[in-house]
Amino acid sequence: MRWSTLMIVLEVGGIVAFAMSGLIEAMRKRMDVVGVFSVAFVSAFGGGTVRDILLDRRPLFWIEHEGYLWLVGALVLTAPLWLGVAQREVGARLMTLADACGLGLFAIAGTSIALEQGLSPLVSALMGATTAIVGGVARDVLCNEVPQVYRDHRPYALCALAGSAVFLALSAWQVPSVWGSTAGVAVATGSRLLAVALDWRLPRWGRWPR
Amino acid sequence: MRWSTLMIVLEVGGIVAFAMSGLIEAMRKRMDVVGVFSVAFVSAFGGGTVRDILLDRRPLFWIEHEGYLWLVGALVLTAPLWLGVAQREVGARLMTLADACGLGLFAIAGTSIALEQGLSPLVSALMGATTAIVGGVARDVLCNEVPQVYRDHRPYALCALAGSAVFLALSAWQVPSVWGSTAGVAVATGSRLLAVALDWRLPRWGRWPR
Amino acid sequence: MRWSTLMIVLEVGGIVAFAMSGLIEAMRKRMDVVGVFSVAFVSAFGGGTVRDILLDRRPLFWIEHEGYLWLVGALVLTAPLWLGVAQREVGARLMTLADACGLGLFAIAGTSIALEQGLSPLVSALMGATTAIVGGVARDVLCNEVPQVYRDHRPYALCALAGSAVFLALSAWQVPSVWGSTAGVAVATGSRLLAVALDWRLPRWGRWPR
């Protein structure tokens, strides 16, 4: 009971955070309302949609929970009203927190869905990372940028994988899934927040001339 | 009978219009024959393919109606012969008309397919808009541009949504689907033609520094 | 027996070649380890994944053969160790050979899978070409480039189609599939190697101002 309420709070938090990242990116590119809505939608739902297609799950999660669509629609439609305030008062901190919560929740949600389908730990962890990062990758492709998550040299997908690894280990040891999920989300979200706070960097991977 | 003939005329008109938009864009980018064919194909079939995948419909519509493939193939192969003439004699007007017909037909086709699967009006309208715009979005992504439909500040997806709304309202009132479809296509296509003729503009959606 | 061993050798060769092309492209763009892994993965598995989704085949081929994932992961993780050596000693030649083998094998694999599902020769050949080129297209889109295969004016997809045509003709004449597959792979790979060796060029397709 409490767990599923917590799940919904976190999932909604992740959707809002990812939708806002798309919203802001689309506005920077001076898109019109259709562009802003599309990019926000793809950012929020892209990762879960690709996961559902790869695993052949229907209905897609945003068709099953149609409220998520109304939520993102309302966010986009009202954005001109509150965005100036958000920018001055809230700043980047709340965004970073919401984005980290979204990362953790989406990663564990994707991993546990794949595990329930009987897939191997490696594939399950990849499905978790896919759920967490594909929305942002699609956002950047639509905005004609190299995906930020591939080049900003900060741990992001690795935090998702760390959380998934903890979740998978606890599942293998028969820990009840409520505890395993909580620990997985905590590790993914926590390591992401630590990485931002302490400015951890990833090395460039190899060298190639030109 | 007459309706299904009209449907095929319009659907073929839409496919031709979308294929030509891809053809022209690929030529501007100086692509070779493979690039021109691929971009024309993705422009014409991308929207319906994504709709079919999201709704888990198989066979895909262009596998079921293989004639469409031959049509687009023939268009691309003969393009160097007639494109110069088309450019001088026909100009942008016929393209705009065909594109608007394609928009209306694809939007209503997508909406009615989703409605038949028992999906909600909101999801059905989004499937219609997806069918109508994803081809153009994929075309622009392959040509390494920000999608035109997101940034040209003219109503396009909104015309599709208006047509879908009319179609959905008439369906809810038990109007026979022939009339509902006709009205929906007329509203989507007509509002698009009006928007071009009268130079309607969409506002930029919000502001964000840099 | 021997044929399936040969198949696996060639398929692994193709995966390695396509993964390396993604690896190198991602390194050129100065991506971090997550970007390099993602781009290598998409290059190697993108074509087959899109084929499997279009044809509604599950599990996806890289979920069925999980060893392929470990292979690409090991390649990426060890890349900094051997890449400098590869660059000096092996150069572009081995890459071209492996890439051509991958092209041929992926094209015939895609074509024969589609044919087994009862699809028409045209659709089967397109599925073969899709399997062979979509990985490279996705790699270039993620790296924010116009896909190389669309604009380098060298035969690549056409070699895939030529191989598929030979395979389809031999299948239609009831030639045992081992021989048909071998001939198809040989034609696709051989024509690609010839095209590189003899510097064959494709014409620009049509002209369009600006």
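Residues numbered from 1 in each chain as written. Chains lettered and ligands numbered in written order. Predicted model: local features only at pLDDT ≥ 70, side-chain atom pairs only at ≥ 80, totals over all residues. Heavy atoms only, no water.

Some remarks on the overall build of chain A
Here's step 1: Per the secondary structure count, chain A includes eight helices and zero strands.
Here's step 2: Start at the N end of chain A and walk to the C end: the helices and strands fall as α-α-α-α-α-α-α-α.
Here's step 3: By the burial criterion, 54% of the 210 residues in chain A qualify as buried.
Here's step 4: The long-range share in chain A, meaning contacts at least 24 apart out of those at least 6 apart in sequence, stands at 71%.
Here's step 5: Total accessible area computed for chain A in this model is approximately 9100 Å², and 65% of it derives from carbon and sulfur atoms. (Helix = DSSP H or I, 4+ residues; strand = E, 2+ residues; numbered from the N terminus. Buried < 20%, exposed > 50% of the residue type's maximum accessible area, 1.4 Å probe, protein only. Contact = heavy atoms within 4.5 Å. Areas by Shrake-Rupley, 256 points an atom, 1.4 Å probe, with all protein chains shown as cover.)

Section: the relation of the copies chain A and chain B
Here's step 1: Of the transformation superimposing chain A on chain B, the axial component is 0.0 Å and the angular component is 120 degrees, with the fit at an RMSD of 0.0 Å. Classification of the inter-copy transformation places it as that of a three-fold axis. The position closest to the rotation axis in chain A is occupied by the C-alpha of Asn144 of chain A, lying 3.8 Å away. (Least-squares fit on C-alpha atoms with pLDDT ≥ 70 in both.)

Side note on empty space enclosed by the protein
Here's step 1: A full pass over the atoms with the stated rule returns three cavities of 30 Å³ or more.
Here's step 2: What the largest cavity holds in volume is close to 50 Å³.
Here's step 3: Contributing to the lining of the largest cavity are Val141 and Asn144 of chain A, Val141, Asn144 and Glu145 of chain B together with Val141, Asn144 and Glu145 of chain C.
Here's step 4: Split into classes, the residues belonging to the lining of the largest cavity amount to three nonpolar, three polar and two charged. (1 Å grid on protein atoms, 1.4 Å probe; cavity = no way out; pocket = protein on both sides within 12 Å on 5 of 7 lines; lining within 4 Å. Points joined across faces, edges and corners; volume = space filled by probe spheres on them. Nonpolar A, V, L, I, M, F, W, Y, C, P; charged D, E, K, R; others polar.)

With respect to the interface of chain A and chain B
Here's step 1: Between chain A and chain B, the residue contacts involve 34 residues of the former and 34 residues of the latter.
Here's step 2: Both faces combined, the contact of chain A with chain B buries some 2900 Å², and carbon together with sulfur accounts for 68% of it.
Here's step 3: If you sort the residues of chain A by the area they bury against chain B, Arg28, Asp32 and Val34 of chain A come out on top, with a joint share of 19%.
Here's step 4: Seen at the junction of chain A and chain B, the total is one salt bridge.
Here's step 5: Between Asp56 of chain B and Arg58 of chain A there is a salt bridge whose closest N-O contact spans 3.8 Å.
Here's step 6: Only α1 (2-28), α2 (33-54), α3 (61-64), α4 (67-116) and α5 (121-142) of chain A provide two or more residues apiece to the side of chain A that touches chain B.
Here's step 7: Residue classes in the side of chain A that touches chain B are distributed as 23 nonpolar, five polar and six charged. (Buried area = accessible area lost by both parts, 1.4 Å probe. Salt bridge = Lys/Arg side-chain N within 4 Å of Asp/Glu carboxyl O.)

Looking at the pattern of salt bridges
Pairing between side chains becomes possible if they bear opposite charge and their charged atoms approach one another.
Here's step 1: This model, assessed by the stated rule, comprises 27 salt bridges over all chains.
Here's step 2: Residue Asp52 of chain A is joined to Arg57 of chain A by a salt bridge in which the shortest nitrogen-to-oxygen separation is 2.8 Å.
Here's step 3: Exposure remark for Asp52 of chain A: the relative accessible area of 0% places this residue in the buried category.
Here's step 4: Taking the shortest distance from any N to any O, the salt bridge between Glu145 of chain C and Lys29 of chain C comes out at 2.9 Å. Taken together, the residues span a long stretch of sequence, with Glu145 of chain C in the loop between α5 (121-142) and α6 (148-151) and Lys29 of chain C in the loop between α1 (2-28) and α2 (33-54) at a distance of 116 residues.
Here's step 5: According to the relative accessible area criterion, Glu145 of chain C is partly exposed, its value standing at 24%.
Here's step 6: Linked by salt bridges that have partners in common, Asp56 and Arg58 of chain A, Asp56 and Arg58 of chain B together with Asp56 and Arg58 of chain C make up one network.

Some words on the relation of the copies chain C and chain B
Here's step 1: When chain C is fitted onto chain B, the two copies agree to an RMSD of 0.0 Å after a turn of 120 degrees and an axial shift of 0.0 Å.
Here's step 2: Comparing interface residues between copies, only 12% of those in chain C also lie at the interface in chain B; the contact surfaces differ.

Looking at the packing of α2 of chain C against α5 of chain C
Residues and elements named next belong to chain C.
Here's step 1: Viewed as axis vectors pointing N to C, α2 and α5 meet at an angle of 140 degrees, and their least axial separation amounts to 7 Å. Accordingly, the angle class assigned to the pair α2 and α5 is oblique. When the axes of α2 and α5 are compared, the crossing they make is right-handed. Residues Val39, Val42, Ser43, Gly46, Gly47, Gly48, Val50, Arg51 and Leu54 of α2 form the contact with α5, whose own contacting residues are Met127, Thr130, Thr131, Val134, Gly135, Ala138, Arg139 and Leu142.
Here's step 2: Residues that form the contact of α2 with α5 fall into these classes: eight nonpolar, seven polar and two charged. (Axes fitted to C-alpha atoms, helices over the stretch in contact; angles between N-to-C directions. Parallel < 35°, antiparallel > 145°, perpendicular 65-115°, else oblique. Left-handed = near helix turned anticlockwise from the far one by under 90°.)

Thoughts on unusual backbone geometry
Here's step 1: Between Arg58 of chain B and Pro59 of chain B the backbone carries a cis peptide bond, its omega angle lying at 0 degrees.
Here's step 2: Of note, Pro59 of chain B is situated in the loop between α2 (33-54) and α3 (61-64).
Here's step 3: Unlike most non-glycine residues, Asn144 of chain C shows phi in positive territory, near 60 degrees.
Here's step 4: Within the secondary structure, Asn144 of chain C is located in the loop between α5 and α6.

Topic: the packing of aromatic side chains
Here's step 1: Tallied over the full model, the rule gives 18 aromatic pairs over all chains.
Here's step 2: Taken together through their ring pairs, the aromatic side chains of Phe37, Phe41, Phe45, Phe61 and Trp62 of chain A make up a single cluster.
Here's step 3: Positioned above the aromatic ring of Phe61 of chain B, the side-chain terminus of Arg51 of chain B is 5.6 Å from the ring centre. (Phe/Tyr/Trp six-rings, centres within 6.5 Å; stacked < 30°, edge-to-face > 60°. Lys NZ or Arg CZ within 6 Å of the ring centre and 35° of its normal.)

So, the side chain of Asp140 of chain C
Residues and elements named next belong to chain C.
Here's step 1: With respect to the helices and strands, the residue Asp140 is situated in helix α5.
Here's step 2: A relative accessible area of 4% places Asp140 in the buried class.
Here's step 3: When neighbours within four sequence positions are excluded, Asp140 is seen to be in contact with Glu145, Val146, Pro147 and Gln148.

Some thoughts on the confidence of the model for chain A
Residue and element names in this part refer to chain A.
Here's step 1: With 89% of its residues at a pLDDT of 70 or more, chain A shows a mean pLDDT of 86.
Here's step 2: Looking over chain A, one finds the lowest element-wise mean pLDDT in α1, namely 77, and the highest in helix α7 (residues 157-172), namely 94.
Here's step 3: Reported confidences for the modelled complex are a pTM of 0.90 and an ipTM of 0.88. (pLDDT = per-residue confidence, 0-100.)

Some remarks on the interface of chain C and chain B
Here's step 1: Taken together, the 34 residues of chain C in the interface contact 34 residues of chain B.
Here's step 2: Buried area between chain C and chain B, both sides added, is near 2900 Å², and the carbon and sulfur share of it is 68%.
Here's step 3: Along the contact surface separating chain C from chain B lie one salt bridge.
Here's step 4: At the boundary of chain C with chain B, the tally comes to seven residue pairs in polar contact (both at pLDDT 80 or more).
Here's step 5: For the side of chain C that touches chain B, the secondary structure elements donating two or more residues are α2, α5, α6 and α7 (157-172) of chain C.
Here's step 6: For the side of chain C that touches chain B, the class distribution of residues is 22 nonpolar, four polar and eight charged. (Polar contact = N/O pair within 3.5 Å; in protein donor to acceptor, adjacent residues only side chain to side chain.)

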